[in-house]
Every structure is written in structure tokens, then in C-alpha cells.
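# Structural description and commentary
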Amino acid sequence: MDKWKVFLWLLVLNLALVFVVDAGPWKAARGAAQNNIGFLYWKGIFVGRDRGSAERFFRDAVRNGSPQAANNLAQLYEEGGAISAGREEIKELYTIAATAGIALAQNNLGVLLAEEDPAAAIVWLERAAASRDAQTAAAAEESLRALKSGRAGTVASPRGVRSPALPPPPSR
């Protein structure tokens, strides 16, 4: 099967989980599917870019227990624009995802906390630096060096947006 067929089957499965399944053991799968659909809207992959729809799907996914959606929603809010949230809500969302072990969220939370609570920032950045995600670990190590050398204001690690549940878009 080529990549397009696999991607379309995954999309159909995700849509079925989002709109059909609403019961106990499927709650986590539904949250993951809602996160995937939100990601498609957020980035405009196969659909028009629609931050409002992305926010709605991410919020629903967080309610259904998806920590990846919490990270994605926090990043959506940090982008600003018409859809935004307060710093405390962003911190709460990153904390949900970081506590679940998502390295990117650990990095993002560490960067967010760098000026207000350097000790907590170091804890989260060290966890991210120890992850198997090489890109996130490198960003966290860079932030740790800046923070430990007293340059908290210069901690600006890349907060790249990735959703491991989605395949990369096909090349044309």
C-alpha cells in the first residue's frame, strides 16, 4: 500500500473514533483521534487551516485524556492570534502533557518557567534532555546551559510542533 492509502485509512479510522465511539474503553482512542483531527486543522493538512476547529478538537481530546492534545493546545495558544489563553492555562496544559512523559511538553514547560521559577524549569528541562527524542533533548540541553549560566532571559528553545500519531505529509 502506498503512503496515501495508509494515510487515508488512518484518517477514516480517526474520524470514526471521533464521531461514532463514545464509550468507556474507547475513550483514550477517541482522545487520540480527536488530537489527530485537531492537528490536521491546526496545520491545514488535507483541510483548510482552521485554528478554531483545531482548538475544539484539542479541548475535546484533553477531556478524553490525551496528553499530546494538551501539549498541542498549549502550543496553539502560544502562537497567539485570535485564539489565545492566559499564561496559567498554558502552564496547566503543558504540565498535563509533561507529567505524562511527553518530552516536547517537558521542554516547553521548562522554557515557560525559566524566568519565574528557574528551579522548576531545570527539573523539567533535565527530564526533556534525558528523552530519546534527539531534537527535543538537544533543545532542552541548550536551554539548560543558558539557564544554569544565569541567562534565563535568553532561554528560547525551539518549541517544534510534532504529533507522533500522524505520518508526515506525502511529498509531491
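On a predicted model such as this, the values are computed, not experimentally measured, just so you know.

It is worth spelling out the nonpolar core at this point. In this structure, F58 and Y94 are the most contacted members of the largest nonpolar core, which totals 37 residues. Elements with a contribution of two residues or more to this core: helix 2 (27–43), helix 3 (51–63), helix 4 (67–79), helix 5 (87–99), helix 6 (103–113), helix 7 (118–129) and helix 8 (134–148). Apart from the residues within four sequence positions on either side, F58 is in contact with N35, G38, F39, W42, A69, N72, L73 and L76.

On inspection of all chains with the given rule, the structure shows three aromatic pairs. Measuring from centroid to centroid gives 6.1 Å for F39 and W42, while their planes differ by 85°, and the two rings are edge-to-face. Taken as a pair, F39 and W42 lie in helix 2 at a separation of three residues, close to a single helical turn. In terms of burial, F39 and W42 fall into one category: buried. Judged by its relative accessible area of 0%, W42 is buried. Among the aromatic side chains, those forming a connected cluster through ring pairs are F39, W42 and F58. One cation-aromatic arrangement involves R56 over F57; the distance from NZ or CZ to the ring centre is 4.7 Å. The ring of W124 carries the charged tip of R127 above its face, separated from the ring centre by 4.5 Å.

Definitions and cut-offs
Residues numbered from 1 in each chain as written. Predicted model: local features only at pLDDT ≥ 70, side-chain atom pairs only at ≥ 80, totals over all residues. Heavy atoms only, no water. Core = buried A, V, L, I, M, F, W, Y, C linked by side-chain atoms within 4.5 Å. Buried < 20%, exposed > 50% of the residue type's maximum accessible area, 1.4 Å probe, protein only. Helix = DSSP H or I, 4+ residues; strand = E, 2+ residues; numbered from the N terminus. Contact = heavy atoms within 4.5 Å. Phe/Tyr/Trp six-rings, centres within 6.5 Å; stacked < 30°, edge-to-face > 60°. Lys NZ or Arg CZ within 6 Å of the ring centre and 35° of its normal.

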